[in-house]
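Below are the chains, spelled out letter by letter.
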Amino acid sequence: MVRILCIGNRFYYPDDFGIRVYEELRSLDLQDIEVVEGGVGGMNLALYFEDDAALLIVDYGTHHKKILTPEDIAKIEINEFNHASAFLYLLKSVKKKYTVYLCNEVYKKENISSYVDQVLILARGML
């Protein structure tokens with residue numbers, strides 16, 4: 001099984017990217033894929049790192065890469081603790097393997113399905 005954990009603030013564009021992807025994914029009949037709305041859960045999302053399910057995290061961010069691994073996350077410097085960095089602290093502290101799909105551009109809401117297709121290709125490759 002693959003778990004897709006969609007992160008973001010539904011009330012703030014473009015940070016709502018993960019939530020828009022979540023809404024599209026929930027409308028599909030997905031076999032062996034669990035879709036979770038992580039919202040702005042930050043450190044409260046730690047429980048999704050405790051089992052053996054493959055984990056794909058979908059979020060909006062400013063990193064230059066679209067696909068991030070734990071090794072990429074380890075290289076990101078955090079200079080202060082705030083809302084934006086809380087989830088990074090979590091990612092840096094867990095031992096579980098995961099992949100982050102990052103929308104690093106201002107996206108058009110009407111094109112969300114093209115991003116969903118990319119997320120599904122990545123998730124199915126993790127099965």
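Residues numbered from 1 in each chain as written. Predicted model: local features only at pLDDT ≥ 70, side-chain atom pairs only at ≥ 80, totals over all residues. Heavy atoms only, no water.

**Q** Can you tell me about the state of the cysteines, naming the residues and giving the values?
**A** Tallied over the full model, the rule gives 0 disulfides. Of all cysteine sulfurs, the one in C103 lies closest to C6, which takes part in no disulfide; the gap is 13 Å. Take C6: its relative accessible area is 0%, and that puts it in the buried class. (Disulfide = S-S within 2.5 Å. Buried < 20%, exposed > 50% of the residue type's maximum accessible area, 1.4 Å probe, protein only.)

**Q** Account for a nonpolar patch on the surface, naming residues and giving values.
**A** A surface patch of nonpolar side chains, about 320 Å² in accessible area, is lined by M43, F81 and Y89. Here Y89 is to be found in helix α3 (residues 83-93). (Patch = residues over 30% accessible without salt bridge, like charges linked within 9 Å, V, L, I, M, F, W, Y side chains within 5 Å. Areas by Shrake-Rupley, 256 points an atom, 1.4 Å probe, with all protein chains shown as cover. Salt bridge = Lys/Arg side-chain N within 4 Å of Asp/Glu carboxyl O. Helix = DSSP H or I, 4+ residues; strand = E, 2+ residues; numbered from the N terminus.)

**Q** Explain the packing of helix α1 (residues 17-26) against helix α4 (residues 112-125) residue by residue, including any values.
**A** Packed helices, taken two at a time, are described by the angle between their axes plus the distance between the axes. Interaxial distance between α1 and α4 falls to 10 Å at its minimum, and their mutual angle equals 80°. Comparing their axes, α4 and α1 come out roughly perpendicular. Contacts from F17, R20, V21, E24 and L25 in α1 reach I112, S113, Y115, V116, V119 and L120 in α4. Class assignment for the residues of the contact of α1 with α4 results in 8 nonpolar, 1 polar and 2 charged. (Axes fitted to C-alpha atoms, helices over the stretch in contact; angles between N-to-C directions. Parallel < 35°, antiparallel > 145°, perpendicular 65-115°, else oblique. Contact = heavy atoms within 4.5 Å. Nonpolar A, V, L, I, M, F, W, Y, C, P; charged D, E, K, R; others polar.)

**Q** Which residues make up α4, and what values go with them?
**A** With 14 residues, α4 ought to run about 20 Å at 1.5 Å a step, and its terminal C-alpha atoms sit 20 Å apart, in line with that. For α4, every residue scored as buried is listed here: I112, Y115, V116, V119, L120 and A123. Here the buried residues of α4 occupy an arc of 140° about the axis, which is enough to place them on one side. Among the exposed residues of α4, those pointing more than 90 degrees away from its buried face are I121 and G125. Summarising the contacts, the buried residues of α4 are in contact with β1 (2-7), α1, β2 (33-39), β3 (54-60) and β5 (99-103). (Expected span 1.5 Å × (residues − 1). Arc of directions from axis to C-beta.)

**Q** Explain the packing of aromatic side chains to me, using residue names and the numbers behind them.
**A** One pass over the full model with this rule turns up 8 aromatic pairs. For the ring pair F17 and Y107, a centre distance of 5.2 Å and an interplane angle of 70° mean the geometry is edge-to-face. Taken together, the positions of F17 in helix α1 and Y107 in the loop between β5 and α4 put the pair 90 residues apart, joining distant regions of the chain. Y107 shares its class with F17; the two are buried. Through a chain of ring-to-ring contacts, the aromatic side chains of Y13, F17, Y101, Y107 and Y115 assemble into a single cluster. (Phe/Tyr/Trp six-rings, centres within 6.5 Å; stacked < 30°, edge-to-face > 60°.)

**Q** Report on the pattern of salt bridges, specifying residues and quantitative values.
**A** It is possible for side chains of opposite charge to pair when their charged atoms get near one another. Under the criterion given, the structure shown has 10 salt bridges. For E23, the salt bridge is made with R10, and the minimal N-O distance between the two is 3.0 Å. Here R10 lies in the loop between β1 and α1 and E23 lies in helix α1, a separation of 13 residues in the sequence. Where D72 meets K65, a salt bridge forms, and the shortest distance between an N and an O atom there is 3.0 Å. Salt bridges sharing common partners tie together R10, D16, R20, E23, E37 and K109.

Any link to function would need more than the numbers given here.
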